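So you can see what is in the structure, the chains are spelled out below.
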Amino acid sequence: MNLESLVFYVFAALLLFAGLRVITARNPVHSAMFLVLAFCCASGIWMLLEAEFLSITLVLVYVGAVMVLFLFVVMMLDINLDQLREGFWRWFPFGAALALVMVGEMIYVLGNRKTAATEGMVRHAADYSNIKELGRLIYTDYVYPFEIAAVILLVAMVAAIALTLRRRIGVKSQNPGKQVQVKKSDRLRIVQVAAEKSGSDSAA
């Protein structure tokens, strides 16, 4: 066994362990941290596959942004752990069946000769850029699926904002449009006040 295979098995074992701990840890913060470990191990496996762009993207996007948001939400909210555990065993058979279906699909794909065949693979030079090849495929062969996925993500983002945006009564908020249109006469009123004389001036 060479060093590359050893590193792969280490990353794969850590990935399986972290994935199991994500769903079995009692503390949500610990589950989120194990999910971070799973993302890092998956990034390491992609690095072994020479998919450097996907590896760095996984770390920057999911570990650096999404998981920070998850941890922030989990730690800021007062989560009732007993309520989260309700219905676990009721939905466990469905989850186990779904997991078996996914494992069967992976075994079928990896065990199929057509999908596992390596005769049609093209070996590239050492200075070959897979990032350039990925960009070329996205914007040529897969441009329509890429644009459709972008539109779906945009619609999902707008829908999430629309669902969470609620008008609350009695809450003060700023309106930048009205603030820009304000005039001096609307905020400032000049009042003419007669001058008052002091007692010493009247006695003189």
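Residues numbered from 1 in each chain as written. Predicted model: local features only at pLDDT ≥ 70, side-chain atom pairs only at ≥ 80, totals over all residues. Heavy atoms only, no water.

Q: An account of the overall build of the chain is needed here, citing residue identities and associated values.
A: Along its length, the chain carries 11 helices and zero strands. When its helices and strands are written in sequence order, the chain yields α-α-α-α-α-α-α-α-α-α-α. Within the span of the chain, comprising 204 residues, buried residues form 10% of the whole. Considering only contacts in the chain between residues 6 or more positions apart, those separated by 24 or more positions represent 55%. If you sum the accessible surface of the chain, you get close to 18,300 Å²; carbon and sulfur atoms cover 67% of it. (Helix = DSSP H or I, 4+ residues; strand = E, 2+ residues; numbered from the N terminus. Buried < 20%, exposed > 50% of the residue type's maximum accessible area, 1.4 Å probe, protein only. Contact = heavy atoms within 4.5 Å. Areas by Shrake-Rupley, 256 points an atom, 1.4 Å probe, with all protein chains shown as cover.)

Q: I'd love a proper account of the packing of aromatic side chains, names of residues and values included.
A: According to the stated counting rule, one finds five aromatic pairs in the structure shown. Taking the centre distance of 6.2 Å and the plane angle of 80° together, the rings of Trp 91 and Phe 94 count as edge-to-face. Remark: Phe 94 and Trp 91 occur in helix α5 (residues 88-111); sequence separation between them is three residues, near one turn of the helix. For the pair Trp 91 and Phe 94, one class covers both residues: exposed. Ring geometry for Tyr 139 and Phe 146: centres 5.4 Å apart, planes at 70°, overall edge-to-face. Residue Phe 146 is classed as partly exposed on the basis of its relative accessible area, which comes to 34%. (Phe/Tyr/Trp six-rings, centres within 6.5 Å; stacked < 30°, edge-to-face > 60°.)

Q: Outline the UniProt feature "transmembrane region" (unreviewed entry) in the chain, listing residues and values.
A: As recorded in UniProt, the feature "transmembrane region" (unreviewed entry) lies at residues 6-24, 31-49, 55-79, 91-111 and 142-165. With 95% helix and 0% strand, residues 31-49 has end C-alpha atoms that lie 27 Å from one another. Helix makes up 100% of residues 91-111 and strand 0%, with an end-to-end C-alpha separation of 30 Å. (UniProt positions renumbered as here; feature names shortened; annotations may be inferred.)

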